[in-house]
Number of protein chains: 2
Amino acid sequence: MKPGKPAEAQTATLAEIAREAGVSAPTVSKVLNGRADVAPSTRTRVEELLRTHGYRRRRAEASRSPLIDLVFHELESAWAMEVIRGVENVAQSAGLSVVLSESAGRLTPGRSWADQVAARRPHGVVLVLSELDAGQQALLTSRSIPFVVVDPAGDPGPDVPSIGATNWQGGLAATRHLIELGHTRIGAISGPTRMMCSRARIDGYRAAMETAGLPVDSSLVLDGDFHHEAGYRLGLELLRRPDRPTAIFAGNDLQALGLYEAARELGLRIPEDLSVVGFDDLPVARWVGPPLTTVRQPLTEMAEAAARLVLELGSAQEERAATRLELATSLVVRSSTAPVRPAQ
Amino acid sequence: MKPGKPAEAQTATLAEIAREAGVSAPTVSKVLNGRADVAPSTRTRVEELLRTHGYRRRRAEASRSPLIDLVFHELESAWAMEVIRGVENVAQSAGLSVVLSESAGRLTPGRSWADQVAARRPHGVVLVLSELDAGQQALLTSRSIPFVVVDPAGDPGPDVPSIGATNWQGGLAATRHLIELGHTRIGAISGPTRMMCSRARIDGYRAAMETAGLPVDSSLVLDGDFHHEAGYRLGLELLRRPDRPTAIFAGNDLQALGLYEAARELGLRIPEDLSVVGFDDLPVARWVGPPLTTVRQPLTEMAEAAARLVLELGSAQEERAATRLELATSLVVRSSTAPVRPAQ
């Protein structure tokens, strides 16, 4: 158990917190409800006491709005749309609406966002590739607003419920497929190294290489950022080498599309001259030419699972142990991979 | 002025409506606030009277939540993501959050949706390719919740503020580009004919053909639905003809990608054997091979304009005339179009 964060009994009532802060009980209520009409210094003092005492608003007190909050790190790709659809599905069945926000390039949503959430009192919060800092986590906990993280960018910690995919197994399956096709010189473009999902995929790649007795040439493993542009730029870097790889695991589908562009620019044909595997299985993977072999990540199902979990956490009578669920990935073989050709 | 819908002075107070409905004033308030604890028959009677009297809640009475509602016909494509981003941009600047919902394949959002909106009292509603029926429109109007339609599927009517793009000019520019490349046998795959934007694009196509003195062969103009699958299926139909077109205006980018797939399947090269023009300029248009020539529709800017307009309508002191704004489309020439080759 962490110091200063007693998880057992509730140690202080709202009235006691008010007394200790030297304010009225309604003022503490206002802070809990995210109301704007409280002096910043008072708010800080009250929040600090709520945190120190591990205060949790009783569920009955917390009248909820028929909303689920969905927070993205960034609303960039078709990736996000799959997730939105999953949360919408569950919300609609439960008669709830979805509030969508973006932490706008920062990995931790801004403080004002947490205040807004406290004020609107949703049934729960689903965070996508976003992390809450300790203060924000305490803020939601003290309001009894449950939250679940989808596919965490970092290590969410053992006390944060989260839904992921089997990224490591996906990287393993992608690379084994290439090895079975006879490729031995296999490059990889990772996502951002600060994201655990990205590290897990590349570790799966390494495991496949090593268990097949193939050397991992670290100069063939480059750090990308999950965007098309990185796939293009790093793809050019890998493919311009005299000893270029015959196959590349692109880390995700958008990077695979960037890699397609790099190959086109250099006059290399996919899959004759270069095999490519992506990760995600976005709709576009089926549409590009040639259709992309990729690791399917069940994004919509993951988002559904996260939304269901957050609603369960909200309605559970007792404190539940944090859950970490990983849904299975699966290799979808299309036309961007082929047996290696004899050396030119 | 429409009968039974006086737009001038407010004809009845809340108390008068209550008296006429035979209920208390607080009950009328509950109906206005979308509360669930009102008998359905009472609700229907009160709503009917609110509509007949053209009742409008005074703005000061309507304490608003810091929310904007964004409603999609369907959350399908990357298209939706561009629009979401635009509304998010404006909402963030205004300190508001976005509630996202989907009318789930029905072109008119369900009644329960309208009740939910009335209950949460957003600053306004942005509808995308969705229409409100007269009852829902009256419901929002009586609560003084302003709404704006983006790129209306049908004819939104002169009293509905809306933001569109110059679809007709886009279809014209796309087709003129093909004509300038020497194509004369030009096919087209439209979106759903019930959508005005789709009709306007095809009318632009016809205008380009006719003003160039080219015959419009109506068997070369097929009705699609804006999805990839339709582009593929109708593409095969057009391309299998012995007198196949040398160029096709695909109606939107997703249909263009389906058409790419059909061409690949038949062994036709783009642009050597077939020129293709899309519409929208989704991010994927740059990524496919060959990069797609398309008509750029400024989706994010359109969504921003809609969100700004809805906030203006909400804060305007006076009734404003309904606004219809069309943002300009522009042709983006990439590599999927080329001069026609001499007849085979």
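Source: prediction; values computed, not measured. (Residues numbered from 1 in each chain as written. Chains lettered and ligands numbered in written order. Predicted model: local features only at pLDDT ≥ 70, side-chain atom pairs only at ≥ 80, totals over all residues. Heavy atoms only, no water.)

### Comments concerning the confidence of the model for chain A
Interpretation of this model should avoid reading the predicted coordinates in detail wherever pLDDT is low. On average, chain A scores 86 in pLDDT, and the residues at 70 or more come to 88%. Contacts of residues 1–9 of chain A to residues separated by more than four positions or lying in other chains number 11 contacts, the stretch itself having pLDDT below 50. (pLDDT = per-residue confidence, 0-100. Contact = heavy atoms within 4.5 Å.)

### Considering the sheet that holds strand β2 (residues 97–102) of chain B
Pairing within the open sheet is mixed, and its 12 strands lie in the order β11(A)-β5(A)-β4(A)-β3(A)-β1(A)-β2(A)-β2(B)-β1(B)-β3(B)-β4(B)-β5(B)-β11(B). A strand with exactly one partner marks an edge of an open sheet, and here the two such strands are β11 (324–327) of chain A together with β11 (324–327) of chain B. The mean angle between the axes of side-by-side strands here comes to 20°, regardless of whether they run parallel or antiparallel. Judged from the two bridges that link them, strand β4 (residues 147–150) of chain A and strand β5 (residues 162–165) of chain A form a sheet pairing that is parallel. Opposite Val 150 of chain A, over in β5 of chain A, you have Ile 163 of chain A as the bridge partner. (Pairing = 2+ DSSP bridges. Helix = DSSP H or I, 4+ residues; strand = E, 2+ residues; numbered from the N terminus. Axes fitted to C-alpha atoms, helices over the stretch in contact; angles between N-to-C directions.)

### Here's the deal with helix α9 (residues 228–239) of chain B
Under the 1.5 Å per step criterion, the end-to-end length of α9 of chain B is 16 Å for 12 residues, consistent within 8% with the ideal 16 Å. The buried fraction of α9 of chain B amounts to nine of the 12 residues, a majority that puts the element mostly inside the structure. Listed as buried for α9 of chain B are His 228, Ala 230, Gly 231, Tyr 232, Leu 234, Gly 235, Leu 236, Leu 238 and Leu 239 of chain B. Residues of α9 of chain B that are buried in the fold lie against α11 (284–287) of chain A together with β6 (186–190), β7 (221–223), β8 (247–249) and α10 (253–265) of chain B. (Expected span 1.5 Å × (residues − 1). Buried < 20%, exposed > 50% of the residue type's maximum accessible area, 1.4 Å probe, protein only.)

### Quick word on the interface of chain A and chain B
Taken residue by residue, the interface counts 31 residues in chain A and 31 residues in chain B. When chain A packs against chain B, close to 2,600 Å² is buried across both sides, 56% of that on carbon and sulfur atoms. Looking only at chain A, the three residues that lose the most surface to chain B are Met 81, Leu 100 and Trp 287 of chain A, adding up to 24% of its buried area. At the junction of chain A and chain B, the tally comes to zero salt bridges. Here chain A and chain B share 12 residue pairs in polar contact (both at pLDDT 80 or more) between them. Elements represented by at least two residues in the side of chain A that touches chain B include exactly α4 (78–93), β2 (97–102), α5 (111–120), α10 (253–265) and α11 of chain A. (Buried area = accessible area lost by both parts, 1.4 Å probe. Salt bridge = Lys/Arg side-chain N within 4 Å of Asp/Glu carboxyl O. Polar contact = N/O pair within 3.5 Å; in protein donor to acceptor, adjacent residues only side chain to side chain.)

### Let's talk about the pairing of strand β3 (residues 124–128) of chain A
All names here are of chain A. Most of β3 is tucked away: five of the five residues are buried. Because side chains alternate across β3, one face comprises the buried residues Gly 124, Val 126 and Val 128, and the other comprises Val 125 and Leu 127, equally buried. Inspection of the sheet shows strand β1 (residues 67–72) paired to β3 by five bridges, in the parallel sense. Each residue of the ladder has a partner; that of Phe 72, found in β3, is Val 128. Where β3 and β4 come together, four bridges link them in parallel fashion. Note that in β4 the partner of Val 126 across the bridge is Val 148.

### Looking at the pattern of salt bridges
Taken as a whole and judged by the stated rule, the model has 22 salt bridges over all chains. Between Lys 30 of chain A and Asp 37 of chain A there is a salt bridge, with its nearest N and O atoms 3.3 Å apart. Under the relative-accessibility criterion, Lys 30 of chain A is labelled partly exposed at 25%. A salt bridge links Asp 273 of chain B to Arg 341 of chain B, with the shortest nitrogen-to-oxygen separation between them at 2.7 Å. Taken as a pair, Asp 273 of chain B in the loop between α10 and β9 (275–280) and Arg 341 of chain B in the segment after β12 (330–332) lie far apart in primary sequence, 68 residues in all. On the accessibility criterion, Arg 341 of chain B (42% relative accessible area) is partly exposed.

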